[in-house]
Amino acid sequence: MTDTVSPSHPVSYPPSPEFAAQANATADLYAAAEKDSLAFWAEQADRLHWETPYQEVLDWSDAPVAKWFVGGTLNVAYNCVDRHVADGRGDQVAIHWEGEPGDSRDITYSELLADVSRAANAFTALGLVAGDRVAIYMPMIPEAIVSMLACARLGLTHGVIFAGFSSAAVRQRVDDAGARLVITTDGQWRRGKPAPLKAAVDEAVDGAESVEHVLVVNRTGSDVDWVEGRDLWWHDTVTPASPEHTAEAFDSEHPLFILYTSGTTGKPKGILHTSGGYLTQASYTHYNVFDLKRDTDVYWCTADIGWITGHSYIVYGPLSNGATQVVYEGTPNSPDEHRHWNIVEKYGVTIYYTAPTLVRTFMKWGRQIPDAHDLSTIRLLGSVGEPINPEAWRWYREVIGGNSAPIVDTWWQTETGAIMISPLPGVTATKPGSAQTPLPGIAARVVDETKPVELGESGFLVIEKPWPSMLRGIWGDMDRYRDTYWSHFAEQGWYFAGDGARLDEDGDLWVLGRVDDVMNVSGHRISTSEVESALVGHPAVAEAAVVGASDETTGQGIVAFVILREGVENTGEALIKELKAQVATDISPIARPRDLKIVPELPKTRSGKIMRRLLRDVAEGRDLGDTSSLVDPKVFEAIRGS
Ligand code: WT7
């Protein structure tokens, strides 16, 4: 890191009296949730508009599949859009959209309603009906958000696929979900240049039985191949549709979306979220953790809608709260490293939510860049995706937060749907690097195999009670759902998050990271076995082992060890490049190994298990620890020499 902040640091940072005095959330919330958690969640659900009131808050009789707000009906899009227009806030800007090449659009809630209605009418005209699945493979443009909301409005279940994923990944997800419609763009802007996107869809859906139509937004004006009858332009299909549409209410448990995430085995899991409980918690957390004041705040979450953070904290959380927010299409260094701070100044951003990897990137670029801007509008900062190291935390607070903005370090997962552990910004004295406290209503604990750990100890992070935005299953594989999340603590009935954590002497919680074979690269979840199977899919590769090695900027970097098949010529760098490219094509460029070593053998235990700990030692340049359980310790000398 090139930057340093003041050498002596306080242990914790209480909110300023001014911040605390105006905060949405006070300490009473903890007491209320403690007293009666179901009544507490009912109160949060009542922040939404229900068409039919629910009869029961929680039905856990079919555990581990929860039903929240049983019998209630609502329309998620109505709650995110129409409701604010009906409240006389139609002229308020919902989205300040900033395109990568410098174009921009302000979209009011009334305009958003008209756009979502047009899309809903067009989708209906295509024959789509509630329960159908729609794949959305788009860059961060307004039409992506409009598409998600139009699906929600019609009860169509959306599956957003990050636009950085390869056509193979798109195919896998489209097939798994059985999507009837795929929405995409001709291309996307990447660092000032258009890159094709529809081409990947063409490849992906070729022969995909479920897909009837591909709807294409013209974003970059690039040439595209066209399949008559299947492909439709957005401007011919959606734009001319009627801007009037009446939303119909759906059951609280109606499937809202599927979002694929990496597990410990090769095949990604389609995490299923439903409507009423999900929206309740996305909305509640956004309001209280980010202290949103809809009349004055300009909120900006830098995530992509391809991830859960974009779903919950760009689309459903902020819009349900009637926020004004910034949505930015591009990368933080396009056209230069000032881009984010120019945007903060242009719109007067007050709340900024990003990932530790980006904070560390900003540190590397140097504080002179943010220092050249007026960031005084920022009053609250958020962090998500991986543990934030204390040095980055202090830099973030001092350089971006003007030494006063509280930082909310928010722990949650695709599976949890919304934030679970985080400081409350007007209440908690924050500690650099700690996510600290389960939110009111959330029963998160650190446990050993059977019971909560003592202060000062580490263990597994579990959730002891159901929460409204919890996943309702893995699409098409309920056995895998039970097995992945509920088998480790089957007796206790606890949800196991896959993370390790430590409780400090004050009872604050420190998330330590995954305890399974899942890597965290720049806040993206990638499984070792997913990368391994991509590598073994290459004809030159006999066996592969992948580990996450610590990386100063990205948290972890992917390091692969590969054994070649008999008779394959090792062409060195050329082959290494080809193998790395294979992973990028098969999964996504974010999964491309940072290092790849061609080795004669892999270290295995006597039972044949690859010893990842030793490979991690090699990858991180450490001396080898105990190698006594290795079949042949000499294997290591050979690996290190490669
Ligand atoms: C995994 C979930 C939640 C949206 C982004 C990632 C890690 C997430 C934190 C945090 C420490 C964190 C965990 C978790 N993680 N937030 N504040 N502190 N670790 O969603 O792809 O589902 O990944 O990200 O390891 O299990 P995801």
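Nothing here was measured: the structure is a model prediction, and the numbers come from that model. (Residues numbered from 1 in each chain as written. Predicted model: local features only at pLDDT ≥ 70, side-chain atom pairs only at ≥ 80, totals over all residues. Heavy atoms only, no water.)

Visitor: With reference to specific residues and values, describe helix α16 (residues 478–486).
Guide: Of all the residues in α16, the buried ones are R480, Y481, Y485 and W486. Residues of α16 that are buried in the fold lie against β15 (269–274), β23 (473–474) and β24 (495–503). (Buried < 20%, exposed > 50% of the residue type's maximum accessible area, 1.4 Å probe, protein only. Helix = DSSP H or I, 4+ residues; strand = E, 2+ residues; numbered from the N terminus. Contact = heavy atoms within 4.5 Å.)

Visitor: Go over the nonpolar core, please, and point to the residues and values.
Guide: One finds L112, F123, L149 and Y316 to be the most contacted residues of the largest nonpolar core, which totals 116 residues. For this core, the element with the highest residue contribution is helix α6 (residues 142–154), accounting for nine residues. Residue contacts for L149: discarding those within four places in its chain leaves A77, C80, V81, L112, V116, V315, Y316 and L319. By size, the runner-up hydrophobic cluster in this structure holds 44 residues, among which are A135, W233, A540 and A544. (Core = buried A, V, L, I, M, F, W, Y, C linked by side-chain atoms within 4.5 Å.)

Visitor: Could you give me a rundown of helix α7 (residues 167–177), with the residues and numbers involved?
Guide: Residues of α7 that are buried include every one of S167, A169, V170, R173, V174 and A177, and no others. All buried residues of α7 project into a common sector of 155° when viewed along the axis, lining one side. In this structure, the buried residues of α7 make contact with β6 (133–136), β8 (181–185), α8 (198–205), β14 (255–261) and α18 (573–586). Looking at the residues trailing α7, positive phi occurs at G178, about 65°. (Arc of directions from axis to C-beta.)

Visitor: Explain the domain arrangement of the protein to me, and be specific about the residues and the numbers.
Guide: Partitioning the protein into structural domains gives domain 1 (19–409) and domain 2 (518–640). Here domain 1 and domain 2 have C-alpha centroids that lie 34 Å from each other. Taken together, the contacts link 21 residues of domain 1 with 21 residues of domain 2. Counting the surface lost from both domain 1 and domain 2, the interface buries some 1500 Å², and carbon and sulfur atoms represent 45% of this. Run the count over domain 1 and domain 2 and you get zero salt bridges. Where domain 1 packs against domain 2, one counts 13 residue pairs in polar contact (both at pLDDT 80 or more). Of all elements in the fold, only α7 and α13 (356–365) reach the threshold of two or more residues within the side of domain 1 that touches domain 2. Among the elements that take part in the side of domain 1 that touches domain 2, α13 stands out by supplying four residues, more than any other. (Domains from an automatic or database assignment. Buried area = accessible area lost by both parts, 1.4 Å probe. Salt bridge = Lys/Arg side-chain N within 4 Å of Asp/Glu carboxyl O. Polar contact = N/O pair within 3.5 Å; in protein donor to acceptor, adjacent residues only side chain to side chain.)

Visitor: Account for the packing of helix α4 (residues 76–89) against helix α11 (residues 308–320), naming residues and giving values.
Guide: Between α4 and α11, whose axes approach to 8 Å, the crossing angle comes to 50°. Comparing the axis directions of α4 and α11 gives the class oblique. As for the relative orientation of α4 and α11, their crossing is left-handed in sense. Where α4 abuts α11, its residues V76, N79, C80, R83 and H84 lie against Y316, L319 and S320. Tallied by class, residues from the contact of α4 with α11 come to four nonpolar, three polar and one charged. (Axes fitted to C-alpha atoms, helices over the stretch in contact; angles between N-to-C directions. Parallel < 35°, antiparallel > 145°, perpendicular 65-115°, else oblique. Left-handed = near helix turned anticlockwise from the far one by under 90°. Nonpolar A, V, L, I, M, F, W, Y, C, P; charged D, E, K, R; others polar.)

Visitor: Please give an account of the site of the ligand that cites residues and values.
Guide: Not every one of the 17 residues close to the ligand is listed here, only the nearest: D409, T410, T414, D499 and R525. A distance of 2.7 Å separates a nitrogen atom of the ligand from a polar atom in the side chain of D409. Here the ligand, which alone exposes 560 Å², has 95% of that area covered by the protein. Every element with two or more residues in the shell around the ligand is listed here: α11, β20 (407–410) and β25 (509–514). Its residues assigned to classes, the shell around the ligand comprises six nonpolar, six polar and five charged. (Near = heavy atom within 4 Å. Areas by Shrake-Rupley, 256 points an atom, 1.4 Å probe, with all protein chains shown as cover.)

Visitor: Pulling in residues and values, what's your account of the pattern of salt bridges?
Guide: By the definition in use, this model includes 37 salt bridges. Taking the shortest distance from any N to any O, the salt bridge between D295 and R89 comes out at 3.1 Å. With a gap of 206 residues between them, D295 in the loop between α10 (276–289) and β16 (299–301) and R89 in helix α4 connect regions that are remote in the sequence. Taking the shortest distance from any N to any O, the salt bridge between E386 and R360 comes out at 3.0 Å. Placement of the pair is E386 in the loop between β19 (380–384) and α15 (390–400) and R360 in helix α13, with a sequence separation of 26 residues. We note that E386, like R360, is buried. Residues participating in the shared-partner salt-bridge network are R105, D115, R118 and E143.

Visitor: Kindly report on the sheet that holds β16, identifying the contributing residues and their values.
Guide: Taken together, seven strands build an open sheet; the order of strands is β5-β4-β17-β16-β18-β19-β20 and the sheet is mixed. The outermost strands of the open sheet, each flanked by one partner alone, are β5 (104–108) and β20. Taking the axes of each pair of neighbouring strands and ignoring which way they run, one obtains an average angle of 20° across the sheet. In the sheet, β19 pairs with β20 via four bridges, with the strands oriented parallel. Paired with S383 across the two strands is D409, which belongs to β20. Against the sheet, α6 contacts β4 (93–98), β5 and β17 (325–328), and its axis sits at roughly 30° relative to β5. (Pairing = 2+ DSSP bridges.)

Visitor: I'd love a proper account of unusual backbone geometry, names of residues and values included.
Guide: The residue after A63, namely P64, is reached through a cis peptide bond having omega 5°. For P64, the location among the structural elements is in the loop between β1 (56–59) and β2 (67–70). Following S334, the chain continues to P335 via a peptide bond in cis, the omega torsion being 0°. The topology assignment puts P335 in the loop between β17 and α12 (339–347). Even without being glycine, F69 reaches a positive phi, approximately 60°. Relative to the helices and strands, F69 is located in strand β2. On the basis of relative accessibility, which here comes to 0%, the residue F69 falls in the buried class. The phi torsion at R191 lies on the positive side, around 50°, for a residue other than glycine. On the basis of relative accessible area, R191 is assigned to the exposed category, the value being 52%.

Visitor: Hey, could you go over the packing of aromatic side chains for me, with residue numbers and the actual values?
Guide: If you walk through the whole model with that rule in mind, you get 35 aromatic pairs. Taking the centre distance of 5.9 Å and the plane angle of 65° together, the rings of F460 and F489 count as edge-to-face. Placement of F460 in strand β22 (residues 458–463) and of F489 in the loop between α16 and β24 is noted, with a sequence separation of 29 residues between them. Side by side, F460 and F489 carry an identical accessibility label, which is buried. Ring pairs connect the aromatic residues W60, W467, Y481, Y485, W486 and Y495, which therefore count as one cluster. The ring of Y287 carries the charged tip of R47 above its face, separated from the ring centre by 4.6 Å. Note that R173 overlies the ring of F165, its terminal NZ or CZ placed 4.5 Å from the centroid. (Phe/Tyr/Trp six-rings, centres within 6.5 Å; stacked < 30°, edge-to-face > 60°. Lys NZ or Arg CZ within 6 Å of the ring centre and 35° of its normal.)

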